[in-house]
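Observations on chain architecture
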Amino acid sequence: MSGRPLDVLEASLGERVSVRLKSGDEYVGDLAGYDQHMNLVLEDVTIPIGDEVESESPAEDTTIIRGDNVVSITP
């Protein structure tokens, strides 16, 4: 998958993505929405701990991440 960043996000809507923040935190969830500032809406979010991802119920139902905090998004 390549192209402009917003094109990649559009193609990833409804898909599972991993988002890494400036703080080093990582969130894994279904991309439910985004805007031109790359603010993200994730659903069914889990938070990886070390090399493991929580396999139980999601940590959060819906999480909004401000685009200024995003370092990377991996589809």
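Scope of this entry: the structure provided in the associated data block. Fair warning: this is a prediction, and the values are worked out from it, not measured in the lab.

Each value, and the rule that gives it
Residues numbered from 1 in each chain as written. Predicted model: local features only at pLDDT ≥ 70, side-chain atom pairs only at ≥ 80, totals over all residues. Heavy atoms only, no water. Helix = DSSP H or I, 4+ residues; strand = E, 2+ residues; numbered from the N terminus. Buried < 20%, exposed > 50% of the residue type's maximum accessible area, 1.4 Å probe, protein only. Contact = heavy atoms within 4.5 Å. Areas by Shrake-Rupley, 256 points an atom, 1.4 Å probe, with all protein chains shown as cover. Salt bridge = Lys/Arg side-chain N within 4 Å of Asp/Glu carboxyl O. Patch = residues over 30% accessible without salt bridge, like charges linked within 9 Å, V, L, I, M, F, W, Y side chains within 5 Å. Lys, Arg positive; Asp, Glu negative; His and termini not counted. Charge placed at Lys NZ, Arg CZ, Asp CG, Glu CD. Core = buried A, V, L, I, M, F, W, Y, C linked by side-chain atoms within 4.5 Å. Pairing = 2+ DSSP bridges. Axes fitted to C-alpha atoms, helices over the stretch in contact; angles between N-to-C directions.

Considering the overall build of the protein
Helix and strand content of the protein: one helix and five strands. For the protein, the succession of helices and strands along the chain, N to C, is α-β-β-β-β-β. When burial is assessed residue by residue, the protein has 27% of its 75 residues classed as buried. Relative to all contacts within the protein whose residues are 6 or more apart in sequence, the contacts with residues 24 or more apart total 39%. For the protein, the exposed surface amounts to about 4,900 Å²; the carbon and sulfur share of it is 46%.

Observations concerning the pattern of salt bridges
Evaluated as defined, the whole model comprises four salt bridges. The shortest N-O distance in the salt bridge between R4 and D7 comes to 3.1 Å. On the basis of relative accessibility, which here comes to 58%, the residue R4 falls in the exposed class. Close ionic contact of R20 with E26 constitutes a salt bridge, the shortest N to O distance being 2.9 Å.

Some points on a negative patch on the surface
Among the surface-exposed residues, E43, D44, E60 and D61 lie close enough to one another that they form a single negatively charged patch. Of all the secondary structure elements, the ones that give two or more residues to the negative patch are β3 (40–46) and β4 (60–65). Along the chain, E60 turns up in strand β4.

So, the environment of E43
By the secondary structure assignment, E43 is in strand β3. For E43, a relative accessible area of 35% corresponds to the partly exposed category. For the pair E43 and G29, spaced 14 residues apart in sequence, the C-alpha to C-alpha distance is 5.5 Å.

Observations regarding the nonpolar core
Membership of the largest hydrophobic core is limited to eleven residues, which are L9, V17, V19, L21, Y27, L31, L40, L42, V45, I65 and V70. Elements represented by at least two residues in this core include exactly β1 (16–21), β2 (26–34) and β3.

Thoughts on the sheet that holds β3
What the five strands build is an open sheet, ordered β4-β3-β2-β1-β5; its pairing is antiparallel. Each of the sheet's edge strands pairs with one partner strand only, and the pair in question is β4 and β5 (70–74). Between one strand and the next, the sheet's axes are offset by a mean angle of 40°, whatever the strand orientation. Inspection of the sheet shows β1 paired to β5 by four bridges, in the antiparallel sense. Each residue of the ladder has a partner; that of S18, found in β5, is T74. Contacts from helix α1 (residues 5–12) reach β1, β2, β3 and β5, with the element oriented near 90° to β2.

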